[in-house]
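Each chain is listed here by its residues.
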Amino acid sequence: MKIHTLHYIEGAKQAKGIAVIIDVFRAFTMACYMSDQDAKRIIPVGDLAHAHRLKAKYPQSVLIGERGGTILPGFDYGNSPAQIKGVSFAEKTVIHTTSAGTQGLVHAGQADEVLTGSFVNAGAIVSYIQQKAPAEVSLVCMGWGGQQEADEDTLCAAFLRDRLLGKETRFAEISAYLQTESKTESFLRLANDPSAPPEDFHYCMQLDAFPFVLKANWHPENEHLQLERIPVEQQVSTSG
Ligand SMILES: O=C(O)[C@H](CS(=O)(=O)O)OP(=O)(O)O
């Protein structure tokens, strides 16, 4: 298995084989929580105008997303797992648009399969890829705004790569580094913004909280992507 590590929207465009589009803070952590909170359908969207067109088409849908980390005007929630704590999305369609993560999904058209990447379902991602045994895997770090390095995404890519290669990983060290030393721009710099609470950090660092992958499928008849939740029997432990 050849493992490529790529970056930003350009990297998403080049991704081949099974592509894992990584956005730890916070898009794909958020997607896992939304799925766990029973979202009937999650539609990841790049373009804001497209999100508004979909809202007009599905008036009962929930709009979730941000630009620059802050909730978008008229949206129901920001990109914050803490903000949706206790919310049930049962029977709801969620339209999700973010600065980096969802941009990567919509641009990964060359890949055979496209998965979301985060620490909260890292073990499931690794097991899914091991079970499929593809010739190529592309780990795409979406970074800050899809154009600038973000430590959490680069470290998550290295973590997934090490696990796929059967190497030791040190999640506790990664988490401590991100909490205390990392200078990367992230939602954490937005003080007093209710759509970017510091508690989101802890939601994003719940390693292996979810035993499923989220696969982005193109729905040509509806002209949008949709996340499919696939349960995964885990063969490896990603702890430690
Ligand atoms: O809302 C977030 O945490 C980020 C903001 S940005 O991309 O880093 O500007 O969005 P995301 O798409 O989840 O990375």
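Residues numbered from 1 in each chain as written. Predicted model: local features only at pLDDT ≥ 70, side-chain atom pairs only at ≥ 80, totals over all residues.

(A) Up close: the overall build of the protein chain. Within the protein chain, the regular secondary structure consists of 8 helices and 10 strands. Whereas a compact globule of 240 residues would reach a radius of gyration of roughly 18 Å, the protein chain reaches 16 Å, a difference of no more than 12%. In terms of its C-alpha atoms, the protein chain occupies a principal-axis envelope of roughly 45 × 40 × 30 Å. In the protein chain, once contacts between residues fewer than 6 apart in sequence are set aside, the share between residues at least 24 apart is 80%. (Helix = DSSP H or I, 4+ residues; strand = E, 2+ residues; numbered from the N terminus. Rg over C-alpha atoms; globule rule 2.2 N^0.38 Å. Contact = placed C-beta atoms within 7 Å.)

(B) Representation of the sheet that holds strand β4 (residues 62-67) within the structure. Pairing in this open sheet of 4 strands is mixed, and the strands run β3-β6-β4-β5 from one edge to the other. One side of each edge strand has no neighbouring strand; the edge strands of this open sheet are β3 (41-45) and β5 (70-71). As paired strands, β3 and strand β6 (residues 93-97) are joined by 5 bridges and run parallel to one another. Paired with valine 45 across the strands is threonine 97, a residue of β6. Along the sheet, helix α3 (residues 48-57) contacts β3, β4 and β6; its crossing angle with β6, the most-contacted strand, is approximately 170°. (Pairing = 2+ DSSP bridges. Axes fitted to C-alpha atoms, helices over the stretch in contact; angles between N-to-C directions.)

(C) Looking closely at the site of the ligand. Taken together, 15 residues lie around the ligand, and Ala27, Asn79, Thr98, Ser99 and Ala100 are the ones closest in. Residue composition of the shell around the ligand, by class: 5 nonpolar, 7 polar and 3 charged. (Near = placed C-beta within 6 Å. Nonpolar A, V, L, I, M, F, W, Y, C, P; charged D, E, K, R; others polar.)

(D) Just the environment of phenylalanine 119, in detail. Here phenylalanine 119 is to be found in the loop between β7 (113-117) and α5 (122-132). For phenylalanine 119, a count of 28 C-beta atoms within 10 Å translates into the label buried. For the pair phenylalanine 119 and proline 194, spaced 75 residues apart in the sequence, the C-alpha separation amounts to 23 Å. (Buried ≥ 20, exposed ≤ 12 C-beta atoms within 10 Å, placed from the backbone.)

(E) Up close: the pairing of β7. With 4 of 5 residues buried, β7 is to be regarded as a mostly interior element. Bridge count for strand β2 (residues 18-22) against β7 is 5 bridges, and the pairing is parallel. Following the sheet pairing, isoleucine 18 is matched in β7 by glutamate 113.

(F) Structural detail: the packing of helix α6 (residues 151-164) against helix α7 (residues 171-180). Contact pair α6 / α7: the axes reach a minimum separation of 11 Å and the direction vectors enclose 175°. In terms of axis orientation, α6 runs roughly antiparallel to α7. Of α7, the residues touching α6 (which contributes Asp151, Glu152, Leu155 and Phe159) are Phe171, Ile174 and Leu178. Of the residues assigned to the contact of α6 with α7, the class counts are 5 nonpolar, no polar and 2 charged. (Parallel < 35°, antiparallel > 145°, perpendicular 65-115°, else oblique.)

(G) Here's a closer look at the environment of histidine 52. Tracing the backbone shows histidine 52 in helix α3. Taking the C-beta count within 10 Å as the criterion, histidine 52 has 16 such neighbours and is therefore assigned partly exposed. As for histidine 52 and glutamine 148, which are separated by 96 residues in sequence, their C-alpha atoms are 27 Å apart.

(H) Broad picture of the packing of α5 against α6. Between α5 and α6, the shortest axis-to-axis distance is 10 Å and the interhelical angle comes to 45°. If you check the angle between α5 and α6, you find them oblique. At the point where α5 passes α6, the crossing takes the right-handed sense. Residue-level contacts link Ala122, Ile125, Val126 and Ile129 of α5 to Phe159, Leu160, Arg163 and Leu164 of α6. The residue makeup of the contact of α5 with α6, split by class, is 7 nonpolar, no polar and 1 charged. (Left-handed = near helix turned anticlockwise from the far one by under 90°.)

(I) Geometry of the nonpolar core. The biggest cluster of nonpolar side chains holds 75 residues, and the ones touching the most others in it are Ala19, Val20, Ile21, Ile22, Ile125 and Val140. The greatest single-element share of this core, amounting to 7 residues, is contributed by helix α2 (residues 27-36). If sequence neighbours within four positions are ignored, isoleucine 125 has contacts with Val20, Leu115, Gly117, Leu160 and Val213. (Core = buried A, V, L, I, M, F, W, Y, C linked by C-beta atoms within 7 Å.)

(J) A look at α6. Between the first and last C-alpha of α6 there are 20 Å, a value that for 14 residues agrees with the 20 Å anticipated at 1.5 Å per step. Among the structural elements, β1 (2-7), β2, β7, α5, β8 (136-141) and α7 are those in contact with the buried residues of α6. Of the residues one or two after α6, glycine 166 is the one with positive phi, at around 75°. (Expected span 1.5 Å × (residues − 1).)

The values reported here are purely geometric and, on their own, carry no functional implication.
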